[in-house]
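An overview of the molecular structure
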Amino acid sequence: MNGENAADGAGLTPKIAERILSSGADVITLGNHAWRRSELIPYVAKSDRVIRPANLSRLAPGHGLVSAPAPDGTPVAVLNLMGSLFMTVAVTPFEVVDELVSDARSHAAVVVVDFHAEATSEKVAMARWLDGRVTAVIGTHTHVQTADARVQPGGTAAITDAGMTGPHDSVIGVEGDIAIERMRSGLFVRFRPAEGDVRIEGVLVRCTAEGRATACEPIRVRI
Ligand SMILES: [Fe+2]
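This report concerns the structure included in the present document. These figures come from a predicted structure and were not determined experimentally. (Residues numbered from 1 in each chain as written. Predicted model: local features only at pLDDT ≥ 70, side-chain atom pairs only at ≥ 80, totals over all residues. Heavy atoms only, no water.)

Below, the discussion takes up the packing of aromatic side chains. The geometry of an aromatic ring pair is captured by the separation of the ring centres together with the interplanar angle, meaning the angle of the planes. Per the stated rule, a full pass over the model turns up zero aromatic pairs. The residue whose ring lies beneath Arg133 is Trp129, and the NZ or CZ to ring-centre distance is 5.0 Å. (Phe/Tyr/Trp six-rings, centres within 6.5 Å; stacked < 30°, edge-to-face > 60°. Lys NZ or Arg CZ within 6 Å of the ring centre and 35° of its normal.)

See below:
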């Protein structure tokens, strides 16, 4: 799962990461808010289950690619990348993705990419570029689930954005009135996470042992 904003809507802490992992998640990916909580920095440096976008600075701690066993023992490689449109990255994701995918495939037949990006165009382009080489390209970051879950012709599942697990009676997780006030006035107003209409969102991908996707379904569950 992508957990970059699991700590009250801003970043992730080691304690929350441990709770998520002990709840059944195998790998946690991050994004543009990876370093919002300073206590996460040494934790990411040592963790083999919490990864950060691979195309951040080479001098940043942690890794962007990890291989972990699924519950049945199948090795699954997870690669985290960040988009370069409307976001700040050290290098574009396209510059590093091919080498990382080769590396991932040398460890695991099943390869999942979390592409944490703002622009739908960049996410669709990445999904097409990787078609036939990875199991799934799952977009994250916008908090709004898109209606394009699909399996592409080469056997790579894709969705432009998996959506948000959190309060949907909100402006992408923030109390609506506060977010609107900041947008209307341009003044700094401290964000508060909303509470209403909590939903779990994500995507269910089925695949063969060779890592070819056979189904890709969006998940939307009201709590
Ligand atoms: Fe993000």
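Having seen it, we continue.
All right, on to the layout of surface pockets then. The volume enclosed by the second largest pocket comes to roughly 400 Å³. Along its surface, the second largest pocket is lined by 16 residues, and Ala54, Leu56, Arg58, Val96 and Leu100 are the ones closest to its centre. For the lining of the second largest pocket, the leading source of residues is helix α3 (residues 93-107), giving five residues. Among the residues making up the lining of the second largest pocket, the classes are represented as seven nonpolar, four polar and five charged. (1 Å grid on protein atoms, 1.4 Å probe; cavity = no way out; pocket = protein on both sides within 12 Å on 5 of 7 lines; lining within 4 Å. Points joined across faces, edges and corners; volume = space filled by probe spheres on them. Helix = DSSP H or I, 4+ residues; strand = E, 2+ residues; numbered from the N terminus. Nonpolar A, V, L, I, M, F, W, Y, C, P; charged D, E, K, R; others polar.)

Take the packing of α3 against helix α4 (residues 120-129) next. Angle between the axes and distance between the axes: these two values describe a pair of packed helices. Contact geometry of α3 with α4 gives a least axis separation of 12 Å together with a crossing angle of 25 degrees. Here α3 is positioned roughly parallel relative to α4, judged by the angle of their axes. The interaxial crossing formed by α3 with α4 has right-handed handedness. Contact with α3, carried on its side by Pro93, Phe94, Val97 and Asp98, involves Glu122, Ala125, Met126 and Trp129 of α4 and no other residues of that element. (Axes fitted to C-alpha atoms, helices over the stretch in contact; angles between N-to-C directions. Parallel < 35°, antiparallel > 145°, perpendicular 65-115°, else oblique. Left-handed = near helix turned anticlockwise from the far one by under 90°. Contact = heavy atoms within 4.5 Å.)

Here we come to the sheet that holds strand β1 (residues 65-69). On the basis of which strands lie adjacent, the open sheet formed by six strands has the order β1-β2-β3-β4-β6-β5 and mixed pairing. Each edge of the sheet is formed by a strand with only one pairing partner; in this case those strands are β1 and β5 (150-151). Contacting β2 (75-82), β3 (110-116), β4 (136-140), β5 and β6 (157-159), α4 crosses the sheet at an angle of about 170 degrees to β4. (Pairing = 2+ DSSP bridges.)

Let us look at the pairing of β3. The element β3 is extensively covered by neighbouring structure, given that six of its seven residues are classed as buried. As defined by bridge partners, β2 adjoins β3 across seven bridges and the pair is classed as parallel. Within β3, the residue paired with Ala77 across the bridge is Val111. Taken together, β2, α3 and β3 constitute a β-α-β crossover, and its handedness is right-handed. (Buried < 20%, exposed > 50% of the residue type's maximum accessible area, 1.4 Å probe, protein only. Right-handed = clockwise from strand over helix to strand, strands pointing away.)

Across a regular strand the side chains alternate sides, sitting on one face of the sheet and then on the other. Buried residues dominate β4, accounting for five of its five residues. The two faces of β4 match: Ala136, Ile138 and Thr140 on one face and Val137 and Gly139 on the other face are all buried. As paired elements, β3 and β4 share five bridges and run parallel to each other. Looking across to β4, one finds that Asp114 is bridged to Ile138. One crossover worth recording links β3 to the parallel β4 by way of α4, and it is right-handed. Relative to β6, β4 is paired through three bridges, and the arrangement is parallel. Across the sheet, residue Ile138 finds its bridge partner in β6, namely Ile159.

Read these as geometric descriptors, not functional statements.
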